[in-house]
Amino acid sequence: MKTSLPSLVYFVLLYTIRRLKNHSCAWRVRIALHLKGIEFEQRIVNLFSGDQHKDEECLANLPFSKVPVFVHGKFALAESMAIIEYLEEKFPEPNALLPPSAECRAQVRALALQIVANTQPLQNLAVLQHLSDDPAKRNAWARHWIEHSFNAFEKALAKTAGKYAYGDKISLVDICIPPQVYNAKRYGRGPARTSCLLGVYPNSVSRNGPSGGLSVVAALVSLGIGQPVPYGIAMSGAIDANGAISAIGGTFAKVSAAKEAGLTTVILPRDNENDIDMDV
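Rules of the game
- Residues numbered from 1 in each chain as written.
- Predicted model: local features only at pLDDT ≥ 70, side-chain atom pairs only at ≥ 80, totals over all residues.
- Heavy atoms only, no water.
- Phe/Tyr/Trp six-rings, centres within 6.5 Å; stacked < 30°, edge-to-face > 60°.
- Helix = DSSP H or I, 4+ residues; strand = E, 2+ residues; numbered from the N terminus.
- Buried < 20%, exposed > 50% of the residue type's maximum accessible area, 1.4 Å probe, protein only.
- Polar contact = N/O pair within 3.5 Å; in protein donor to acceptor, adjacent residues only side chain to side chain.
- Salt bridge = Lys/Arg side-chain N within 4 Å of Asp/Glu carboxyl O.
- Contact = heavy atoms within 4.5 Å.
- Axes fitted to C-alpha atoms, helices over the stretch in contact; angles between N-to-C directions.
- Parallel < 35°, antiparallel > 145°, perpendicular 65-115°, else oblique.
- Nonpolar A, V, L, I, M, F, W, Y, C, P; charged D, E, K, R; others polar.
- Pairing = 2+ DSSP bridges.

Caption draft 1: Examining the packing of aromatic side chains more closely. Tallied over the entire structure, the rule returns three aromatic pairs. On the numbers, 5.8 Å between centres and 55° between planes, the contact of Phe70 with Tyr86 is tilted. You can see Phe70 sitting in strand S3 (residues 69-72) and its partner Tyr86 sitting in helix H4 (residues 80-90), a full 16 residues away along the chain. Both rings, one in Trp141 and one in Trp145, keep their centres 5.9 Å apart while their planes meet at 65°; by these two values the pair is edge-to-face. Note that Trp141 and Trp145 are positioned in helix H7 (residues 135-160) at a spacing of four residues, about one turn of the helix. Joined through ring pairs, the aromatic side chains of Phe70, Phe75 and Tyr86 make up one cluster.

In structure tokens, the structure reads:
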């Protein structure tokens with residue numbers, strides 16, 4: 001059920017719309033909005049071209065020249081975690097992101113902050129640009145701090161994880177995980193194969209539809225014509241009774257898993273083309 005909430009959410013435009021999807025702070029807020037079933041209007045603000053200084057509405061709603069910013073009536077709020085906490089208090093259901101007890105809520109917030117405060121800021125573009133003009137040095141810096149943070153985070157998850165990062169219900173921690181795992185993979189440090197993080201990460205990524213449909217049909221066709229599917233190919237796609245192939249969810253996680261398994265070709269629906277960063 002969708003919640004009617006007359007609101008705007010300002011996101012930064014990072015070069016292209018596709019890159020926007022990978023902006024960690026915006027990503028977290030979008031996950032929370034969708035989990036809460038809140039309909040919202042999205043505005044794209046290009047901070048690189050100075051849009052925040054040219055438009056009167058932007059000047060009024062982006063006082064810190066930062067994104068994302070959540071606007072609800074005359075109320076404007078910056079900082080992704082503050083926005084998510086506001087949504088949680090305003091709309092505790094559906095999908096409460098914090099558990100009922102004060103102790104458990106504190107633990108969930110502490111886990112989330114391990115990512116949001118102790119990991120992500122050290123790999124932000126502004127930090128890397130100040131650090132060095134050398135991409136190799138930037139990547140080495142990011143990998144070092146991601147490794148350091150993931151080691152601590154995975155030890156904590158070993159004590160708290162169930163189906164999700166904190167027990168068997170999705171929480172504030174889980175909506176912080178996908179952006180950070182994405183960034184870790186960008187810098188060459190994904191979760192270890194045996195880590196708790198690798199176990200809960202797929203559950204934190206939204207998925208929809210029978211994405212194995214394409215593989216099942218391919219297997220049946222292969223059997224029927226007596227020709228095996230070539231080795232090294234992975235495929236995923238929903239397929240209806242008329243044979244039409246449609247988009248699937250969790251694309252990045254699936255492509256990353258295929259890559260880690262040593263597969264060289266991944267077949268996906270055309271509708272998912274913009275979901276994958278070419279650096280995967």
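Caption draft 2: Region of the structure containing the side chain of Ser80. Along the polypeptide, Ser80 turns up in helix H4. Accessibility expressed as a relative area gives 4% for Ser80, which makes it buried. At 3.1 Å, the side chain of Ser80 and the side chain of Arg28 are in polar contact.

Caption draft 3: Examining the pattern of salt bridges more closely. In this structure the tally under the stated criterion is two salt bridges. Here Lys36 and Glu88 are joined by a salt bridge, their closest N and O atoms 2.6 Å apart. Of the two residues, Lys36 is situated in the loop between helix H2 (24-35) and strand S2 (41-45) and Glu88 in helix H4; the sequence distance between them amounts to 52 residues. Each of the two residues, Lys36 as well as Glu88, counts as buried.

Caption draft 4: Structural context of the environment of Arg143. For Arg143, the position within the fold is in helix H7. Apart from residues lying up to four places away in sequence, Arg143 is in contact with Tyr187 and Gly188.

Caption draft 5: Representation of the packing of H2 against H4. The geometry of H2 relative to H4 is characterised by a closest axis approach of 9 Å and an angle of 10° between their N-to-C directions. Here H2 is positioned roughly parallel relative to H4, judged by the angle of their axes. Together, Cys25, Arg28, Val29, Ala32 and Leu33 of H2 and Ser80, Met81, Ile83, Ile84 and Leu87 of H4 make up the contact between the two elements. By residue class, the composition of the contact of H2 with H4 is eight nonpolar, one polar and one charged.

Caption draft 6: Highlighting the pairing of S3. Burial along S3 is two-sided: the face carrying Val69 and Val71 and the face carrying Phe70 and His72 are both buried. Judged from the four bridges that link them, S3 and strand S4 (residues 75-78) form a sheet pairing that is antiparallel. Among the inter-strand pairings, Val69 is bridged to a residue of S4, identified as Ala78. Hairpin geometry of S3 and S4 is characterised by an intervening segment of two residues between the two adjacent antiparallel strands and by a positive phi of about 65° at Gly73.

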